[in-house]
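# Residue-level structural notes
Here is what each chain is made of, one letter per residue.
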Amino acid sequence: MTDQPFLTDVKTLRERARRHIEEGALTEGYGANRDNVVKILNEALATEIVCTLRYKSHYFRADGINANVAAQEFLEHADQEQQHADWLAERIVQLGGKPNFSPEGLLTRSHAEFVEGDTLRDMVVEDLVAERIAIDSYREIARYLGDQDPTSRRIIEEILAQEEEHADDMAGLLEGLDS
């Protein structure tokens, strides 16, 4: 512990708040490289869009004796992946960036792949693989952001927690299909 005060003096905080007001929520205390963070968040956005589309495809294409349970899980996950995309897009805008929703190059920006699968089991496997990719990717992003951008890190961590739940759900479905 140092003898330094916990908080910057109020006069300094007030002066800083008046500088660069066009930056909105981004104050001088923002420690990350904004361009890098926007690029990373746009890659995560592409990943979430690809996952939304893959889950939607699986929802509509699921068939067989176990299709109803799986299809409902696919639809729930598609909705949650879309929510993740919305959170990421909102944060990109807060950082002064532009969310990249362009379909051109979507798969090259995404960490996950779009693999449809031919059978219900194939679909579940592909969704599980994509979730595992997202989990490792988002863990790395959270570590990279660290204390430099705690807001973006918290968003990524919230998404990460749901991706882990999705992976557990897919692993459970796979187990049910294999038994």
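Residues numbered from 1 in each chain as written. Predicted model: local features only at pLDDT ≥ 70, side-chain atom pairs only at ≥ 80, totals over all residues. Heavy atoms only, no water.

### Some words on the overall build of the protein
To keep things clear, this is the line we draw: Where helices and strands are cited, they refer to DSSP runs of H or I of at least four residues and of E of at least two residues respectively, numbered from the N terminus. As a reference, a globule follows 2.2 Å times the number of residues to the power 0.38, and the radius of gyration itself is taken over C-alpha atoms. Accessibility here uses a 1.4 Å probe with only protein chains present; expressed as a share of the type maximum, an area under 20% marks a residue as buried, one over 50% as exposed, and anything in between as partly exposed. By definition, residues are in contact when any of their heavy atoms lie within 4.5 Å. Here the accessible surface of atoms and residues is derived via Shrake-Rupley with a 1.4 Å probe, and residues count as covered only by protein chains that are part of the display.
Along the protein, the regular secondary structure elements total 6 helices and 0 strands. Of the regular secondary structure in the protein, the N- to C-terminal order runs α-α-α-α-α-α. By the compact-globule yardstick of 16 Å for 179 residues, the protein is too spread out, its C-alpha radius of gyration being 20 Å. Taken along the three principal axes of its C-alpha coordinates, the protein extends 70 × 40 × 20 Å. When each of the 179 residues of the protein is scored for burial, the buried share is 40%. Considering only contacts in the protein between residues 6 or more positions apart, those separated by 24 or more positions represent 78%. Total accessible area computed for the protein in this model is approximately 10,700 Å², and 50% of it derives from carbon and sulfur atoms.

### Observations regarding the packing of helix α5 (residues 120–145) against helix α6 (residues 150–178)
For the record, the criterion: Helix axes are fitted to C-alpha atoms over the stretch in contact, other axes to C-alpha atoms as well, and angles between N-to-C directions run from 0 to 180 degrees. For this classification, under 35 degrees means roughly parallel, over 145 means roughly antiparallel, 65 to 115 means roughly perpendicular, and everything else is oblique. Crossings are classed by handedness, with left-handed meaning an anticlockwise turn of the near helix from the far one by less than a right angle and right-handed meaning a clockwise turn. Basically, the charged four are Asp, Glu, Lys and Arg, the nonpolar ten are Ala, Val, Leu, Ile, Met, Phe, Trp, Tyr, Cys and Pro, and anything else, Gly included, counts as polar.
Two elements in contact, α5 and α6, have axes separated by 8 Å at closest approach and are oriented at 155°. By the angle between their directions, the pair α5 and α6 is classed as roughly antiparallel. Our pair here, α5 against α6, has a crossing hand that is left-handed. Tallied by class, the residues present in the contact of α5 with α6 amount to 19 nonpolar, 2 polar and 9 charged.

### Observations concerning the nonpolar core
Applied cut-off: Put simply, a nonpolar core is a bunch of buried Ala, Val, Leu, Ile, Met, Phe, Trp, Tyr and Cys residues held in one set by side-chain atoms that sit within 4.5 Å of each other.
Among the nonpolar cores identified, the biggest contains 42 residues, and Phe74, Leu88, Tyr138 and Ile156 are the most heavily contacted of them. Counting residues per element, the ones that place at least two in this core are α2 (34–61), α3 (67–94), α5 and α6. Ignoring any residue separated from it by four or fewer positions in sequence, one finds Leu88 in contact with Leu41, Ala44, Leu45, Glu48, Ile155, Ile156 and Ile159.

### Focus on the pattern of salt bridges
Once their charged atoms are close, side chains differing in charge can pair, the charge on each being opposite to the other. Selection rule: Should a side-chain nitrogen of Lys or Arg be within 4 Å of a carboxyl oxygen of Asp or Glu, the pair is scored as a salt bridge.
Scanning all chains against the criterion turns up 8 salt bridges. Close ionic contact of Arg54 with Asp127 constitutes a salt bridge, the shortest N to O distance being 2.6 Å. With Arg54 in helix α2 and Asp127 in helix α5, the pair connects residues that are 73 residues apart, well separated along the chain. One exposure class covers both Arg54 and Asp127, and it is buried. Between Arg139 and Glu164 there is a salt bridge, with the nearest N and O atoms lying 2.9 Å from each other. With a gap of 25 residues between them, Arg139 in helix α5 and Glu164 in helix α6 connect regions that are remote in the sequence. Accessibility expressed as a relative area gives 36% for Arg139, which makes it partly exposed. When salt bridges that share partners are traced, they join Asp136, Arg139 and Glu164 into one network.

### Examining the packing of aromatic side chains
As a reminder, the rule being used: Aromatic rings from Phe, Tyr and Trp, taking only the six-membered ring of Trp, are treated as a pair when their centres fall within 6.5 Å; an angle between ring planes under 30 degrees marks them as stacked, one over 60 as edge-to-face, and anything in between as tilted. Each ring is checked for a lysine NZ or an arginine CZ that lies within 6 Å of its centre and within 35 degrees of its normal; such an atom marks a charge sitting over the ring.
All told, the structure shown has 2 aromatic pairs when counted by the stated rule. Summarising the aromatic geometry, the rings of Tyr55 and Phe74 are spaced 6.2 Å apart at their centres and angled 40° between planes, so their arrangement reads as tilted. Of this pair, Tyr55 sits in helix α2 while Phe74 sits in helix α3, placing them 19 residues apart in sequence. For the pair Tyr55 and Phe74, one class covers both residues: buried. Their ring planes at 70° and their centres at 4.8 Å tell us that Tyr59 and Phe60 sit as a pair that is edge-to-face. In this structure, Arg54 packs its charged tip against the face of Tyr55, placed 5.3 Å from the ring centre.

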